[in-house]
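So you can see what is in the structure, the chains are spelled out below.
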Amino acid sequence: MTTGVRRRMGVDERRQQLIGVALELFSHRAPDEVSIDEIAAAAGISRPLVYHYFPGKQSLYEAALRRAADELAVRFLEPHEGPLGARLLRVMGRFFDFVDEHGPGFSALMRGGPAVGSSTANAMIDGVRQAAYEQILAHLGVEEPPARLELVVRSWVSLAESTALIWLDGRRIPRAELEMQLVHDFAALAAVSAAYDTEMAGIVLRILAEEPVDGPFGDLLTRLSALSPAVPAVPSQRLS
(Lines give C-alpha, C1' and ligand atoms only; values in the text may rest on other atoms or scores of the structure.)
Protein backbone atom coordinates (compact mmCIF):
# COMPACT_ATOMS: atom_id res chain seq x y z
CA MET A 1 0.00 0.00 0.00
CA THR A 2 1.38 3.38 -1.02
CA THR A 3 0.49 6.91 -0.02
CA GLY A 4 0.48 9.96 -2.27
CA VAL A 5 3.62 12.04 -1.88
CA ARG A 6 3.97 15.50 -3.39
CA ARG A 7 6.87 15.42 -5.86
CA ARG A 8 9.60 17.92 -5.10
CA MET A 9 10.27 20.19 -8.07
CA GLY A 10 13.71 21.28 -9.15
CA VAL A 11 14.57 24.97 -9.19
CA ASP A 12 14.06 25.48 -12.92
CA GLU A 13 10.91 23.38 -13.00
CA ARG A 14 9.40 25.38 -10.14
CA ARG A 15 10.32 28.67 -11.80
CA GLN A 16 8.66 27.55 -15.03
CA GLN A 17 5.57 26.48 -13.09
CA LEU A 18 5.31 29.88 -11.41
CA ILE A 19 5.75 31.67 -14.73
CA GLY A 20 2.99 29.56 -16.26
CA VAL A 21 0.64 30.20 -13.32
CA ALA A 22 1.37 33.93 -13.41
CA LEU A 23 0.84 34.12 -17.17
CA GLU A 24 -2.50 32.33 -16.85
CA LEU A 25 -3.66 34.79 -14.17
CA PHE A 26 -2.33 37.80 -16.11
CA SER A 27 -4.16 36.52 -19.21
CA HIS A 28 -7.54 36.95 -17.55
CA ARG A 29 -6.97 40.00 -15.37
CA ALA A 30 -4.79 43.05 -15.49
CA PRO A 31 -1.41 42.26 -13.88
CA ASP A 32 -1.88 45.06 -11.34
CA GLU A 33 -4.93 43.20 -10.00
CA VAL A 34 -3.07 39.91 -9.42
CA SER A 35 -1.33 39.50 -6.07
CA ILE A 36 1.62 37.32 -5.08
CA ASP A 37 -0.72 35.53 -2.65
CA GLU A 38 -2.99 34.52 -5.56
CA ILE A 39 -0.04 33.29 -7.59
CA ALA A 40 1.22 31.27 -4.62
CA ALA A 41 -2.22 29.75 -4.00
CA ALA A 42 -2.66 28.82 -7.66
CA ALA A 43 0.78 27.17 -7.65
CA GLY A 44 0.06 25.34 -4.41
CA ILE A 45 2.98 26.86 -2.52
CA SER A 46 3.51 29.49 0.16
CA ARG A 47 4.05 33.20 -0.45
CA PRO A 48 7.64 33.09 0.95
CA LEU A 49 8.47 30.29 -1.47
CA VAL A 50 7.44 32.49 -4.43
CA TYR A 51 9.94 35.07 -3.21
CA HIS A 52 12.56 32.34 -2.99
CA TYR A 53 12.37 31.97 -6.78
CA PHE A 54 11.58 35.56 -7.74
CA PRO A 55 12.66 38.65 -5.78
CA GLY A 56 9.31 40.33 -6.35
CA LYS A 57 6.18 40.55 -8.44
CA GLN A 58 7.95 42.74 -10.99
CA SER A 59 10.55 40.08 -11.81
CA LEU A 60 7.87 37.38 -12.02
CA TYR A 61 5.77 39.62 -14.24
CA GLU A 62 8.71 40.24 -16.58
CA ALA A 63 9.40 36.49 -16.77
CA ALA A 64 5.74 35.87 -17.69
CA LEU A 65 5.98 38.70 -20.19
CA ARG A 66 8.99 37.01 -21.79
CA ARG A 67 7.09 33.75 -22.20
CA ALA A 68 4.12 35.60 -23.71
CA ALA A 69 6.43 37.46 -26.08
CA ASP A 70 8.10 34.24 -27.21
CA GLU A 71 4.73 32.55 -27.77
CA LEU A 72 3.38 35.53 -29.71
CA ALA A 73 6.45 35.69 -31.95
CA VAL A 74 5.97 32.00 -32.84
CA ARG A 75 2.46 32.77 -34.11
CA PHE A 76 4.02 34.54 -37.11
CA LEU A 77 5.86 31.39 -38.24
CA GLU A 78 4.30 29.92 -41.38
CA PRO A 79 5.57 27.56 -44.11
CA HIS A 80 6.62 29.51 -47.22
CA GLU A 81 4.28 27.60 -49.49
CA GLY A 82 1.26 28.74 -51.47
CA PRO A 83 -0.11 32.22 -52.19
CA LEU A 84 0.93 35.03 -49.84
CA GLY A 85 -2.64 36.11 -49.11
CA ALA A 86 -3.60 32.70 -47.72
CA ARG A 87 -0.39 32.57 -45.66
CA LEU A 88 -1.04 35.98 -44.11
CA LEU A 89 -4.61 34.96 -43.31
CA ARG A 90 -3.40 31.90 -41.42
CA VAL A 91 -0.88 34.06 -39.55
CA MET A 92 -3.65 36.48 -38.56
CA GLY A 93 -5.76 33.54 -37.37
CA ARG A 94 -3.00 32.38 -35.00
CA PHE A 95 -2.28 35.96 -33.95
CA PHE A 96 -5.91 36.50 -32.93
CA ASP A 97 -5.98 33.09 -31.24
CA PHE A 98 -3.29 34.46 -28.93
CA VAL A 99 -5.10 37.79 -28.49
CA ASP A 100 -8.35 35.97 -27.71
CA GLU A 101 -6.73 33.59 -25.21
CA HIS A 102 -4.57 36.19 -23.46
CA GLY A 103 -6.60 39.40 -23.65
CA PRO A 104 -5.34 41.32 -20.60
CA GLY A 105 -1.93 39.67 -20.98
CA PHE A 106 -1.70 40.78 -24.59
CA SER A 107 -2.67 44.32 -23.61
CA ALA A 108 -0.07 44.27 -20.86
CA LEU A 109 2.59 42.98 -23.25
CA MET A 110 1.94 45.66 -25.87
CA ARG A 111 1.39 48.49 -23.40
CA GLY A 112 4.07 47.50 -20.92
CA GLY A 113 1.75 46.75 -17.98
CA PRO A 114 3.41 47.25 -14.59
CA ALA A 115 6.75 47.22 -16.42
CA VAL A 116 5.86 50.18 -18.63
CA GLY A 117 8.93 52.22 -19.45
CA SER A 118 11.37 49.54 -18.29
CA SER A 119 14.16 48.61 -20.68
CA THR A 120 13.33 44.91 -20.22
CA ALA A 121 9.69 45.28 -21.24
CA ASN A 122 10.52 47.59 -24.14
CA ALA A 123 13.13 45.16 -25.44
CA MET A 124 10.64 42.29 -25.32
CA ILE A 125 7.98 44.25 -27.19
CA ASP A 126 10.49 45.39 -29.80
CA GLY A 127 11.63 41.79 -30.14
CA VAL A 128 8.11 40.61 -30.99
CA ARG A 129 7.69 43.36 -33.57
CA GLN A 130 11.07 42.61 -35.11
CA ALA A 131 10.32 38.89 -35.31
CA ALA A 132 7.01 39.61 -37.07
CA TYR A 133 8.74 42.02 -39.45
CA GLU A 134 11.42 39.49 -40.37
CA GLN A 135 8.88 36.73 -40.91
CA ILE A 136 6.83 38.85 -43.31
CA LEU A 137 9.96 39.77 -45.28
CA ALA A 138 10.82 36.08 -45.48
CA HIS A 139 7.37 35.39 -46.92
CA LEU A 140 7.97 38.08 -49.50
CA GLY A 141 11.32 36.54 -50.40
CA VAL A 142 13.17 39.81 -49.87
CA GLU A 143 16.47 39.80 -47.95
CA GLU A 144 17.37 43.48 -48.29
CA PRO A 145 14.08 45.41 -48.36
CA PRO A 146 13.92 48.81 -50.02
CA ALA A 147 12.90 51.69 -47.77
CA ARG A 148 9.28 51.69 -48.94
CA LEU A 149 8.84 47.98 -48.34
CA GLU A 150 10.26 48.30 -44.83
CA LEU A 151 7.78 51.11 -44.21
CA VAL A 152 4.88 48.98 -45.48
CA VAL A 153 5.73 45.91 -43.39
CA ARG A 154 6.49 47.79 -40.17
CA SER A 155 3.35 49.90 -40.59
CA TRP A 156 1.28 46.76 -41.09
CA VAL A 157 2.72 45.02 -38.02
CA SER A 158 1.90 48.13 -35.99
CA LEU A 159 -1.60 48.23 -37.49
CA ALA A 160 -2.25 44.58 -36.56
CA GLU A 161 -1.15 45.31 -33.00
CA SER A 162 -3.30 48.43 -32.56
CA THR A 163 -6.27 46.78 -34.27
CA ALA A 164 -6.13 43.85 -31.85
CA LEU A 165 -5.96 46.17 -28.83
CA ILE A 166 -9.00 48.12 -30.04
CA TRP A 167 -10.87 44.90 -30.85
CA LEU A 168 -10.36 43.61 -27.31
CA ASP A 169 -12.41 46.54 -26.03
CA GLY A 170 -15.82 45.04 -26.75
CA ARG A 171 -15.05 42.76 -29.72
CA ARG A 172 -17.56 44.74 -31.78
CA ILE A 173 -16.34 43.43 -35.15
CA PRO A 174 -16.49 39.71 -35.96
CA ARG A 175 -13.01 38.31 -35.54
CA ALA A 176 -12.92 36.48 -38.89
CA GLU A 177 -13.83 39.68 -40.72
CA LEU A 178 -11.08 41.56 -38.92
CA GLU A 179 -8.48 38.93 -39.79
CA MET A 180 -9.42 39.19 -43.48
CA GLN A 181 -9.50 42.99 -43.29
CA LEU A 182 -5.93 43.06 -41.97
CA VAL A 183 -4.77 40.92 -44.88
CA HIS A 184 -6.54 43.38 -47.19
CA ASP A 185 -4.85 46.23 -45.31
CA PHE A 186 -1.46 44.73 -46.15
CA ALA A 187 -2.36 44.54 -49.83
CA ALA A 188 -3.66 48.12 -49.78
CA LEU A 189 -0.54 49.50 -48.09
CA ALA A 190 1.67 47.69 -50.59
CA ALA A 191 -0.43 48.85 -53.56
CA VAL A 192 -0.31 52.50 -52.50
CA SER A 193 3.45 52.28 -52.08
CA ALA A 194 3.74 50.64 -55.50
CA ALA A 195 2.05 53.68 -57.03
CA TYR A 196 5.04 55.76 -55.92
CA ASP A 197 7.94 53.40 -56.61
CA THR A 198 8.81 51.08 -59.50
CA GLU A 199 10.68 48.63 -57.26
CA MET A 200 7.63 48.28 -55.04
CA ALA A 201 5.47 47.93 -58.14
CA GLY A 202 7.60 44.98 -59.23
CA ILE A 203 7.22 43.30 -55.84
CA VAL A 204 3.46 43.81 -55.80
CA LEU A 205 3.01 42.54 -59.36
CA ARG A 206 5.06 39.45 -58.51
CA ILE A 207 2.84 38.76 -55.51
CA LEU A 208 -0.38 39.27 -57.44
CA ALA A 209 0.76 36.99 -60.24
CA GLU A 210 0.79 34.10 -57.76
CA GLU A 211 -2.60 34.89 -56.21
CA PRO A 212 -5.73 32.91 -57.12
CA VAL A 213 -8.88 34.81 -58.01
CA ASP A 214 -10.70 33.31 -55.02
CA GLY A 215 -7.91 34.14 -52.55
CA PRO A 216 -7.85 36.98 -50.00
CA PHE A 217 -6.27 39.47 -52.42
CA GLY A 218 -8.75 38.51 -55.14
CA ASP A 219 -11.54 39.04 -52.63
CA LEU A 220 -10.26 42.59 -52.01
CA LEU A 221 -10.32 43.39 -55.73
CA THR A 222 -13.89 42.05 -55.95
CA ARG A 223 -15.00 44.23 -53.05
CA LEU A 224 -13.34 47.31 -54.52
CA SER A 225 -14.88 46.65 -57.94
CA ALA A 226 -18.32 46.50 -56.35
CA LEU A 227 -17.75 49.99 -54.97
CA SER A 228 -16.76 51.60 -58.27
CA PRO A 229 -20.27 52.39 -59.59
CA ALA A 230 -21.05 54.21 -56.32
CA VAL A 231 -17.86 56.29 -56.30
CA PRO A 232 -18.48 59.73 -57.82
CA ALA A 233 -16.22 60.80 -60.65
CA VAL A 234 -13.40 63.16 -59.74
CA PRO A 235 -13.98 66.62 -61.34
CA SER A 236 -11.53 67.17 -64.17
CA GLN A 237 -10.20 70.41 -62.67
CA ARG A 238 -9.00 68.45 -59.60
CA LEU A 239 -6.91 66.19 -61.82
CA SER A 240 -4.96 69.01 -63.43
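Residues numbered from 1 in each chain as written. Predicted model: local features only at pLDDT ≥ 70, side-chain atom pairs only at ≥ 80, totals over all residues. Heavy atoms only, no water.

## Points about a nonpolar patch on the surface
- Together, Leu221, Leu224 and Leu227 give the surface a local cluster of nonpolar side chains, amounting to about 290 Å² of exposed area.
- With respect to the secondary-structure elements, leucine 221 resides in helix H11 (residues 216–227). (Patch = residues over 30% accessible without salt bridge, like charges linked within 9 Å, V, L, I, M, F, W, Y side chains within 5 Å. Areas by Shrake-Rupley, 256 points an atom, 1.4 Å probe, with all protein chains shown as cover. Salt bridge = Lys/Arg side-chain N within 4 Å of Asp/Glu carboxyl O. Helix = DSSP H or I, 4+ residues; strand = E, 2+ residues; numbered from the N terminus.)

## Things to note about the pattern of salt bridges
- Under the definition given, this model contains 15 salt bridges.
- One salt bridge connects arginine 129 with aspartate 126, and the closest N-O pair in it is separated by 3.7 Å. Placement of both arginine 129 and aspartate 126 in helix H7 (residues 119–140) is noted, with a separation of three residues, approximately one turn of the helix.
- For the salt bridge of arginine 223 with aspartate 219, the shortest nitrogen-to-oxygen distance reads 2.8 Å. Of the two residues, arginine 223 and aspartate 219 are both situated in helix H11; the distance of four residues between them amounts to about one turn of the helix.
- In this structure aspartate 219 comes out as partly exposed when scored by relative accessible area, which is 24%.
- Connected via shared salt-bridge partners are Asp97, Asp100, Arg171, Arg175 and Glu179. (Buried < 20%, exposed > 50% of the residue type's maximum accessible area, 1.4 Å probe, protein only.)

## Quick look at the UniProt feature "DNA-binding region" (unreviewed entry) in the chain
- UniProt records the feature "DNA-binding region" (unreviewed entry) for residues 35–54 in the present numbering.
- Across residues 35–54, helical content stands at 75% and strand content at 0%; the span's end C-alpha atoms are separated by 14 Å. (UniProt positions renumbered as here; feature names shortened; annotations may be inferred.)

## As for the nonpolar core
- Judged by nonpolar contacts, the single largest core of 69 residues is most densely connected at Phe95, Phe106, Leu140 and Phe186.
- The element contributing the most residues to this core is helix H8 (residues 147–168), with 10 residues.
- If near-sequence neighbours (up to four positions away) are discounted, leucine 140 is found in contact with Leu84, Leu149, Val153, Phe186, Arg206 and Ile207. (Core = buried A, V, L, I, M, F, W, Y, C linked by side-chain atoms within 4.5 Å. Contact = heavy atoms within 4.5 Å.)

## Concerning the packing of aromatic side chains
- Taken as a whole and assessed by the stated rule, the structure comprises seven aromatic pairs.
- For the ring pair phenylalanine 95 and phenylalanine 106, a centre distance of 5.8 Å and an interplane angle of 80 degrees mean the geometry is edge-to-face. Here the residue phenylalanine 95 occupies a position in helix H5 (residues 84–101), and phenylalanine 106 occupies one in helix H6 (residues 103–111), the gap between them amounting to 11 residues. Per residue, the accessibility class of phenylalanine 95 equals that of phenylalanine 106, and both read buried.
- Residues tryptophan 156 and phenylalanine 186 carry aromatic rings whose centres are separated by 5.3 Å and whose planes lie at 75 degrees to one another, so their mutual orientation is edge-to-face. Placement of tryptophan 156 in helix H8 and of phenylalanine 186 in helix H9 (residues 175–194) is noted, with a sequence separation of 30 residues between them. Neither tryptophan 156 nor phenylalanine 186 differs from the other in exposure class; each is buried.
- Within the aromatic cluster, the residues linked to one another by ring pairs are Phe76, Phe95, Phe96, Phe98, Phe106 and Trp167.
- Its guanidinium or amino end placed over the ring of tyrosine 133, arginine 154 lies 3.7 Å from that ring's centre, counting from NZ or CZ. (Phe/Tyr/Trp six-rings, centres within 6.5 Å; stacked < 30°, edge-to-face > 60°. Lys NZ or Arg CZ within 6 Å of the ring centre and 35° of its normal.)

## Here we look at the packing of H5 against H8
- Closest axis-to-axis distance for the H5/H8 pair is 11 Å, and the angle between their directions is 40 degrees. As far as their axial angle goes, H8 and H5 are oblique. The two elements H5 and H8 meet at a crossing, and its hand is right-handed. Of the residues in H8, those in contact with Leu88, Met92, Phe95, Phe96, Val99 and Asp100 of H5 are Trp156, Ala160, Glu161, Ala164, Trp167 and Leu168.
- The residue makeup of the contact of H5 with H8, split by class, is 10 nonpolar, no polar and two charged. (Axes fitted to C-alpha atoms, helices over the stretch in contact; angles between N-to-C directions. Parallel < 35°, antiparallel > 145°, perpendicular 65-115°, else oblique. Left-handed = near helix turned anticlockwise from the far one by under 90°. Nonpolar A, V, L, I, M, F, W, Y, C, P; charged D, E, K, R; others polar.)

## Re the packing of helix H1 (residues 11–28) against helix H4 (residues 57–74)
- Two elements in contact, H1 and H4, have axes whose closest approach is 9 Å; the angle formed by their N-to-C orientations is 80 degrees. As the angle between them shows, H1 and H4 are arranged roughly perpendicular. Every residue of H4 that contacts H1 at Gln16, Leu18, Ile19, Gly20, Ala22, Leu23 and Phe26 is listed here: Leu60, Tyr61, Ala63, Ala64, Arg67 and Ala68.
- A class-by-class count of the residues in the contact of H1 with H4 yields 10 nonpolar, two polar and one charged.

## Some remarks on the environment of histidine 52
- With respect to the element layout, histidine 52 can be found in helix H3 (residues 47–53).
- In this structure, the C-alpha to C-alpha distance between histidine 52 and valine 11, residues 41 residues apart in sequence, is 9.8 Å.

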